[in-house]
Amino acid sequence: MKHSLWLALCGLLLTSCMAAGVPYTRDPGDLMAWAMHMHEKGRAWRMKEFIDLAHASYVQKHDQIGIAETYRLYGKYYRFHPENSTIDHDYDPVQDPAQLEKSLNYYLKALDIFRSLQEWGHAALTTAEVGQAYMLLDEKDKTYAAFDQAIDLYEKFLQLHSPREFPYQLVQADFYEFVRDQRRLANEHFWNSGDRMSYPR
């Protein structure tokens, strides 16, 4: 009888969590997926909560790739969401230079780990994201240099793997096209900021 009541209570709690959009998993990979889901919903405070939980779990497991992935998501969090925001909002890039510097530093921390582990696929995408962060900081030369380095790292990855093994599914189909798109965005950014010398690139 007690066992049945306990199972019923657990079921009720799980149903309540699912209805509220709260994950009941402690798997860090699932928590990272939830963080991205919250990012897409514009729920910055929930995104950071899930990154924090995933990061703590990866640290406990001594999982260096997982730790680096959480740094990547911290970079995304600080690039798109006002720090300590508790309201839903569209995820346009933030304008605060101090917060953008924080975003950049997290991307660079992730990149250091990926490079040290020779995880060239992870390093390639992270380097492209470094370029995006430099663009928002109006660092033109560093922006384009990062995009060039992203391609170099992707080609190192291709020496060992097929494109289908690229670790990020959203850009798996054509990483070259992804970087070209980022260059076009950078061209527009610097053109609109009055730096006509950077367009086209």
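Conventions adopted
Residues numbered from 1 in each chain as written. Predicted model: local features only at pLDDT ≥ 70, side-chain atom pairs only at ≥ 80, totals over all residues. Heavy atoms only, no water. Phe/Tyr/Trp six-rings, centres within 6.5 Å; stacked < 30°, edge-to-face > 60°. Helix = DSSP H or I, 4+ residues; strand = E, 2+ residues; numbered from the N terminus. Buried < 20%, exposed > 50% of the residue type's maximum accessible area, 1.4 Å probe, protein only. Salt bridge = Lys/Arg side-chain N within 4 Å of Asp/Glu carboxyl O. 1 Å grid on protein atoms, 1.4 Å probe; cavity = no way out; pocket = protein on both sides within 12 Å on 5 of 7 lines; lining within 4 Å. Points joined across faces, edges and corners; volume = space filled by probe spheres on them. Nonpolar A, V, L, I, M, F, W, Y, C, P; charged D, E, K, R; others polar. Contact = heavy atoms within 4.5 Å. Expected span 1.5 Å × (residues − 1). Arc of directions from axis to C-beta. Polar contact = N/O pair within 3.5 Å; in protein donor to acceptor, adjacent residues only side chain to side chain.

1. Points about the packing of aromatic side chains
Under the counting rule described, the total for this entry stands at 14 aromatic pairs. Summarising the aromatic geometry, the rings of Y144 and F190 are spaced 6.0 Å apart at their centres and angled 45° between planes, so their arrangement reads as tilted. Of this pair, Y144 sits in helix α7 (residues 140-158) while F190 is found in helix α8 (residues 175-192), placing the two residues 46 residues apart along the sequence. Y144 sits in the buried class, given a relative accessible area of 0%. The interplanar angle of 50° and the centroid separation of 5.2 Å between the aromatic rings of F166 and F175 together place this pair among those described as tilted. Residue class for F175 comes out buried when judged on its relative accessible area of 0%.

2. Structural notes on the pattern of salt bridges
Inspection of the entire model under this criterion finds 8 salt bridges. Of the charged contacts in the structure, one is a salt bridge between E129 and R72, with a shortest N-O distance of 2.8 Å. Taken together, the residues span a long stretch of sequence, with E129 in helix α6 (residues 120-136) and R72 in helix α4 (residues 64-80) at a distance of 57 residues. Residue E129 shares its accessibility class with R72, and that shared class is buried. A salt bridge links E177 to R180; its shortest N-O distance comes to 2.8 Å. Of this pair, E177 and R180 are both found in helix α8, 3 residues apart, which corresponds to roughly one turn of the helix. Of the residues examined, R180 reaches a relative accessible area of 40% and is grouped as partly exposed. Put simply, E177, R180, D181 and R184 are held in one network by salt bridges that share partners.

3. Describing the layout of surface pockets
Counted as a void, the largest pocket has a volume near 620 Å³. Along the walls of the largest pocket sit 23 residues, with M36, R72, K76, E129 and L170 positioned nearest its centre. Here the lining of the largest pocket gets 6 residues from one element, more than from any other, and that element is α4. Here the lining of the largest pocket is built from residues that sort into 13 nonpolar, 4 polar and 6 charged.

4. A few points about the side chain of E69
Looking at where E69 falls in the secondary structure, it is placed in helix α4. With relative accessibility at 12%, the residue E69 sits in the buried group. Ignoring any residue separated from it by four or fewer positions in sequence, one finds E69 in contact with M32, F114, H122 and Y168.

5. Digging into helix α2 (residues 28-41)
If you check α2, its first and last C-alpha atoms are 20 Å apart, about what 14 residues at 1.5 Å a residue would give, namely 20 Å. Every buried residue belonging to α2 is among P28, L31, M32, A35, M38 and H39, and all of these are buried. The buried residues of α2 all sit within an arc of 115° when viewed along its axis, so they share a single face. Put simply, D27 is the residue that caps the front of α2, since its side-chain oxygen is 3.0 Å from the backbone nitrogen of G29. Once α2 ends, the next one or two residues include G42, with phi positive near 75°.

6. Overview of unusual backbone geometry
Positioned with a positive phi, Q118 is a non-glycine residue whose angle comes to about 55°. By the element assignment, Q118 lies in the loop between α5 (97-116) and α6. Backbone geometry at D138 places phi at a positive 60°, although glycine is not the residue there. For D138, the location among the structural elements is in the loop between α6 and α7. The exposure class of D138 is partly exposed, given its relative accessible area of 48%.

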